[in-house]
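# Fold and geometry: a report
Now for the letters of each chain:
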Amino acid sequence: MGSGTRLGKVRGLGSSGHGSQHWLQQRLTALGNVLLVTWFVVSLVRLPLGDHGAVARWASNPTVALALILMVVSVFWHLRLGLQVLIEDYVHGEAARLLALVLLNFYAIGGAAYGIFAIVRIVLAPVAPGPGGM
């Protein structure tokens, strides 16, 4: 089956090993999202309703902040991987595809950076004492 047959012409094409890595990254970020978003929702449900101070005190805990940062990074990374596949499959024209991928990367990196900045700002801000004072 040399390069003269149809199969031979197709053999040189394909993902070259990158498709399986992309697939695995999507599955791992999806698993991370399930775990982290579940933790996030359960944690918020356990907090007092409408108490901004309680949420701020909870989010200012360094362990919680680290988990929130991991969640933000995982969500935006997963978003980027999924939309990249859509763009590569459905955007026609090399220039339009390149522009869409560049905009996607700016959006994903910018959104994750903004989320991380917001979490760090909460952690470093002085937090009012809870009920009972300190």
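Residues numbered from 1 in each chain as written. Predicted model: local features only at pLDDT ≥ 70, side-chain atom pairs only at ≥ 80, totals over all residues. Heavy atoms only, no water.

### Describing the overall build of the protein chain
Regarding its fold elements, the protein chain presents five helices and zero strands. When the helices and strands of the protein chain are placed in sequence order, the string is α-α-α-α-α. (Helix = DSSP H or I, 4+ residues; strand = E, 2+ residues; numbered from the N terminus.)

### Focus on the nonpolar core
If you look at the biggest cluster of nonpolar residues, it comprises 12 residues: Leu36, Leu47, Trp58, Ala59, Val64, Ala65, Leu68, Met71, Val72, Phe76, Ala112 and Ile119. Sorting the residues of this core by element identifies helix H3 (52-59), helix H4 (62-90) and helix H5 (94-124) as the ones contributing at least two each. Sequence-distant contacts of leucine 68, that is, excluding residues within four places in its chain, are made with Trp39, Phe40, Trp58, Ala59 and Ile119. (Core = buried A, V, L, I, M, F, W, Y, C linked by side-chain atoms within 4.5 Å. Buried < 20%, exposed > 50% of the residue type's maximum accessible area, 1.4 Å probe, protein only. Contact = heavy atoms within 4.5 Å.)

### So, the packing of aromatic side chains
Under the counting rule described, the total for this entry stands at three aromatic pairs. Grouped by ring-pair contacts, the aromatic residues Trp39, Phe40 and Trp58 constitute a single cluster. (Phe/Tyr/Trp six-rings, centres within 6.5 Å; stacked < 30°, edge-to-face > 60°.)

### Notes on the environment of glycine 53
You can see glycine 53 is positioned in helix H3. For glycine 53 and proline 131, which are 78 residues apart along the polypeptide, the C-alpha to C-alpha distance reads 9.5 Å.

### Comments concerning H4
Since the α-helix advances by 3.6 residues per turn, residues separated by three or four positions end up pointing in the same direction. Along its 29 residues, H4 runs 42 Å from first to last C-alpha, staying within 8% of the 42 Å computed at 1.5 Å per residue. What H4 keeps buried is the set Val64, Ala65, Ala67, Leu68, Met71, Val72, Ser74, Phe76, Leu81, Gln84 and Ile87. (Expected span 1.5 Å × (residues − 1).)

### Here's the deal with the side chain of histidine 22
Here histidine 22 lies in helix H2 (residues 18-46). With sequence-adjacent residues up to four places away left out, histidine 22 is seen in contact with Leu81, Gln84 and Val85.

### Observations concerning a nonpolar patch on the surface
Together, Val37, Val41, Val45 and Val75 line one region of the surface with nonpolar side chains, adding up to about 310 Å² of accessible area. Counting residues per element, the nonpolar patch draws most heavily on H2, which supplies three residues. Topologically, valine 41 is positioned in helix H2. What makes valine 41 partly exposed here is its relative accessible area of 44%. (Patch = residues over 30% accessible without salt bridge, like charges linked within 9 Å, V, L, I, M, F, W, Y side chains within 5 Å. Areas by Shrake-Rupley, 256 points an atom, 1.4 Å probe, with all protein chains shown as cover. Salt bridge = Lys/Arg side-chain N within 4 Å of Asp/Glu carboxyl O.)

### Structural notes on the pattern of salt bridges
A side chain of one charge can pair with a side chain of the opposite charge if their charged atoms are brought near each other. One pass over the structure, following the stated rule, counts one salt bridge. Of the charged contacts, one joins glutamate 94 and arginine 97 as a salt bridge, the two residues approaching to 3.3 Å between their closest N and O atoms. With glutamate 94 and arginine 97 both in helix H5 and three residues apart, this pair spans about one turn of that helix.

### Some words on the side chain of glutamine 26
Its place among the elements puts glutamine 26 in helix H2. On the accessibility criterion, glutamine 26 (15% relative accessible area) is buried. Here the side chain of glutamine 26 touches arginine 27 through a polar contact of 3.3 Å, side chain to side chain. In contact with glutamine 26, not counting residues within four places along its chain, are His78, Leu81, Gly82 and Val85. (Polar contact = N/O pair within 3.5 Å; in protein donor to acceptor, adjacent residues only side chain to side chain.)

All we've got here are geometric facts, nothing functional implied.
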